[in-house]
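So you can see what is in the structure, the chains are spelled out below.
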Amino acid sequence: SGGSKLTKITDGAVSFDGADGTALSLSNNSDIQLGSGTNWTVEFFAYRTGAFVDYDVIAGKGASGTYEWFIEGFADGSVDILYSANGSTTWTGQHEIMSNMALNRWYHITIVRNGSSFKSYIDGIETLSTTAFNIYAGTGVLHIGGYNGATAQDPPIIISNFRIVNGSSVYTSRFTPPTAPLTNV
């Protein structure tokens, strides 16, 4: 009846080997335009299988000249969110959401805008809390598991249950990460 046949959070995971041009891309749609005027949640499970290089795109939306937001891995193992407020400025801001993403371990990664606050959670534990910032709501492509717009920005990573919930802050405080596949909210 249209329900998922997946039983674990890692069922249906997609493996990215770090080779250029292997990212998933999704054309723009209002459902994936985060912007600044609404509440939203981005969440997924991730498993790093090799070393990051700086600015490895785990997921993000936009392209050169129409920057929006990106979650990126760095050579030191950290994971940051980078964003543009106007689309033309490369990055208006950058915040670390994880100091060290260890190899060969699943993480539940979540970023949430809830009114005037922005938070990130790793495995349900808050890792960043700040005043919400403006994110340009452009018409760029959504990239998952790399960035097809440049070379050397594709991480060796496995991603499962990627979900954007536009219009709702699914998590607003510490929580237990899901143990079953994510569903519509």
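Just above, that's the structure.
A brief structural summary. Nothing here was measured: the structure is a model prediction, and the numbers come from that model. (Residues numbered from 1 in each chain as written. Predicted model: local features only at pLDDT ≥ 70, side-chain atom pairs only at ≥ 80, totals over all residues. Heavy atoms only, no water.)

### Description of the nonpolar core
- W69, M101 and I109 are the most contacted members of the largest nonpolar core, which totals 31 residues.
- For this core, the secondary structure elements donating two or more residues are β3 (40–48), β5 (66–73), β6 (79–83), β7 (93–98), β8 (106–114), β9 (117–122), β11 (142–144) and β12 (156–166).
- The dominant element in this core, judged by the number of residues it contributes, is β3, at four residues.
- When near neighbours in sequence (up to four residues on either side) are disregarded, W69 contacts L34, V42, A59, G60, K61, L82, Y83, W91, I135, L142, F162 and I164. (Core = buried A, V, L, I, M, F, W, Y, C linked by side-chain atoms within 4.5 Å. Buried < 20%, exposed > 50% of the residue type's maximum accessible area, 1.4 Å probe, protein only. Helix = DSSP H or I, 4+ residues; strand = E, 2+ residues; numbered from the N terminus. Contact = heavy atoms within 4.5 Å.)

### Description of the sheet that holds β11
- The strand order across the open sheet formed by six strands is β2-β11-β4-β5-β6-β7, and the pairing between neighbours is antiparallel. Each edge of the sheet is formed by a strand with only one pairing partner; in this case those strands are β2 (24–26) and β7. Direction aside, the axes of adjacent strands within the sheet are offset by 15° on average.
- Looking at chain direction, strand β4 (residues 56–63) and β5 are connected through seven bridges and run antiparallel. (Pairing = 2+ DSSP bridges. Axes fitted to C-alpha atoms, helices over the stretch in contact; angles between N-to-C directions.)

Nothing here speaks to function; it is geometry throughout.
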